Each structure stands twice: as C-alpha cells, then as structure tokens.
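What follows is each chain in one-letter form.
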Amino acid sequence: MGKIESVDSYLEISTVLNFDRTAFPEDEEYDERFVYFVDLVFIFHDDSDIHRFSLCWHSFRYDDIMKRHVSRWMAHAVKHNVQEMTIYNTDRHLGYEIPHQLLNCKSLTKLDMQMYRVLEYVDTTLPKSMCLPRLKFLWLGGFSIANVELSKRLFSSCPALETLVIANSDIQTDDQRNLIVDSLSLKKFNYFNHYVHLLPHNNTMPTTIKLRAPNIGAVYMVEKMRLSAGFLESNLAVIGDDWEAGLSSPGMLSHLEYVSIEKVEGCDAELKLLSFLLKMQRF
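Starting from 1, residues in each chain are numbered consecutively following that chain's sequence as written. This being a predicted model, a pLDDT of at least 70 is required before a residue's local features are given, and a value of 80 or more before pairs of side-chain atoms are given or counted; all residues contribute to the totals for chains, interfaces and linings. With hydrogens and water set aside, each side-chain value is computed from the structure's full complement of heavy atoms.

**Q** Sorry, what's going on with the side chain of serine 157 here?
**A** Along the polypeptide, serine 157 turns up in the loop between α4 (148-156) and β9 (163-167). Here serine 157 falls in the buried class, since its relative accessible area comes to 7%. Elements are defined by DSSP. Helices are runs of H or I of four residues or more, strands are runs of E of two residues or more, and each kind is numbered from the N terminus. The buried label applies to any residue whose accessible area, calculated with a 1.4 Å probe on protein chains only, is under 20% of its type's maximum; exposed applies above 50%, and partly exposed to all values in between.

**Q** When you look at the nonpolar core in this model, what are you seeing that I'm missing?
**A** One broad rule of soluble globular proteins: the nonpolar side chains tend to lie buried together. Core analysis: the biggest nonpolar cluster contains 54 residues, and Phe53, Met85, Leu102 and Met113 have the highest contact counts within it. Any pair of residues with heavy atoms lying within 4.5 Å of one another is described as a contacting pair. In this structure leucine 102 touches Met74, Val78, Met85, Leu108, Leu111, Met113 and Leu132, once residues within four positions along its chain are discounted. By convention a nonpolar core is built from buried Ala, Val, Leu, Ile, Met, Phe, Trp, Tyr and Cys residues, the set being connected through side-chain atoms within 4.5 Å.

**Q** Quick question: what am I supposed to make of empty space enclosed by the protein here?
**A** If a probe the size of a water molecule is rolled over the atoms, the empty space left behind becomes visible. Only protein atoms enter the 1 Å grid used here, on which a cavity is any set of points holding a 1.4 Å probe that cannot leave and a pocket is any open set flanked by protein within 12 Å on both sides along at least five of seven lines; residues with an atom within 4 Å of a point are listed as lining. Grid points are joined across faces, edges and corners, and a volume is the space filled by probe spheres set on the points. Per the stated rule, a full pass over the model turns up one cavity of 30 Å³ or more. Computed from the structure, the largest cavity encloses a volume of approximately 40 Å³. Lining the largest cavity, in full, are Ile98, Leu103, Leu111, Met113, Leu126, Leu138, Leu140, Phe143 and Leu154. Residue assignment for the lining of the largest cavity shows that the elements contributing at least two residues are β5 (110-116) and β7 (137-141).

**Q** Got a minute to help me understand the packing of aromatic side chains in this structure?
**A** Two measures describe an aromatic ring pair: the distance that separates the ring centres and the angle between the ring planes. When two rings of Phe, Tyr or Trp (its six-membered ring) have centres within 6.5 Å they constitute a pair, described as stacked for plane angles under 30 degrees, edge-to-face for angles over 60, and tilted for the intermediate range. Across all of its chains, the model carries nine aromatic pairs by this definition. On the basis of an interplanar angle of 85° and a centroid distance of 6.1 Å, the ring pair of phenylalanine 34 and tryptophan 73 is categorised as edge-to-face. Of this pair, phenylalanine 34 sits in helix α2 (residues 29-44) while tryptophan 73 sits in helix α3 (residues 63-79), placing them 39 residues apart in sequence. In this scheme, the term charge over a ring applies when either NZ of a lysine or CZ of an arginine sits within 6 Å of the ring centre and within 35 degrees of the ring normal. Across the ring face of phenylalanine 137, the terminal group of lysine 110 is positioned such that the distance to the ring centre comes to 5.1 Å.

**Q** Sorry, what's going on with the pairing of strand β1 (residues 16-20) here?
**A** Successive residues of a regular strand alternate their side chains across the two faces of the sheet. Burial along β1 is one-sided: Leu17 and Phe19 are buried, and none of Val16, Asn18 and Asp20, which face the opposite way, are. As paired elements, β1 and strand β2 (residues 52-58) share five bridges and run parallel to each other. Following the sheet pairing, valine 16 is matched in β2 by arginine 52. With respect to chirality, the unit in which β1 leads through α2 into the neighbouring parallel β2 is right-handed. One bridge is not enough; two strands pair if DSSP finds at least two bridges between them. Crossovers are marked right-handed if the path from the first strand over the helix to the second runs clockwise, as seen with the strands pointing away from the viewer.

Structural data, given as structure tokens:
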C-alpha cells in the first residue's frame, strides 16, 4: 500500500507527462498495454495543471486506434491547461483531424506536431474555429492541408507567435500556390521540405513564400536546393528580380549544403542563379 501511495503522490505533483511507445516491447499485444498505461496516468492525475505533455508513438498496426486515443489524450491535456505539447506520430493513416480543443487551447505556449505517414504527408483537417492566444512556438511536420482558408486562419489565430517551423509539409494560404505568413510577433521562421510524394487533392507545392513580419530576426529556409529541368526558366521570369533579394535575406542560405539542377540547359535563369551563388561564396 505504501508503494501505491508514493506513486499517487508522484502523479499529484507531476506537471510533465512524457510517453514513448518504444519504452514498451514491440509485440502487438503491448499496443493495448501502452494505451492502458497512459489512461491510468490520466485517471490518477489530480486536477493540477500539466506543464508539458509529450507523446511519441510510431505504429503500423493500429492506426485507427492510435488516432482515437491520441486525440482523447490531447483533449485531456487541454483540460489540465497544458502549456507545451509535443506529438510525434508515424503510421499508415492517410488523414488526421486535429481536435478542436487543441487548436483552441488558451494556455498553450508551445506546439510541436509531426504527423508523418512513412515518407508521405498526412492529409490534415483543421477545425473551423481556432484561437491560440498564448502560443509562441509552432512546429508543423508532415502536414498536407488542402483548405487554404483554414491554413490562413491557423496562422492568424496565433497573435503571440514568435517561432514558426514548417517541415516537410504541403501548406498554402491561397489558390495561387502562395504561402503567406502575416504576423506582427514572428521573430524566427524555418521552412524546409525533403518530401516529393504529394497528396492528389493538394498536389502542388508553394512556389512563393511571403513573410509579412516586421519583427522577424532570423529566417532559416534552404538546406538543399534541388531544381528540376525547366524550373528556373519558367519561375524566375514570373518572380522577376525579387528572387535575388529574397535569397540575400539574413539566414536564408546559411544552412545550404549543395545545389542540384537537373538537365542543365545553360539558359539565362540558370546562369543568373549560379552567378549569384558564387558571389555569395557558398561553395
């Protein structure tokens, strides 16, 4: 009895909940045991606030069960005024609907969600109403959001956002293949994408990224530049001379490792880009 009381006492004062499926054996039967364990922690947790809730679950068996339980646990954490939430999921499901409670959490200051489907995006559905008044850090990984209006609404629902990371995601804010982030509070922006498998109903990547953030201090975007045949000729002509100013922004090429251009034709656009990169002394 004394041991149980000590566990209860720990749960009463614990404000950090960190769950990792890999801490259990890989056998299929332990999926249900993992669910039971997390449920018990929430049952015995008192009414105190949760500072951080972290969940890592990579599964290729119970994708429907995983989605249902993960959403339920996130809702429980929101009820306890969670401040920081980290969700790392990889499974077979094609779609995921983010709970309304999560994207309307008044206490949340940090949200890191990486919802990968092996090497593909996850079709992500956002709630129609979103309000994250205290959120300062947002990381979106593996998302494909077809509804451009909801994508735009997500960013506008974070008036205190300071750091935004969009990783391996297909997110646009209008029908012209633009990703526009308009934020007075944003200070750091990081965008990178290593995926090539697009979902059929949102099968185009943003061609233009626009930041309207007067207080931004760092932009980290380009790590690996891979350009397909004809890309420069067809796109730089549309963008005009603005591309050079954009690539010259502080931090834009600070992480650049290499540049690959398929089927070089020696067109003016290719020569301009190569000349620009050589001037920047990136190689």
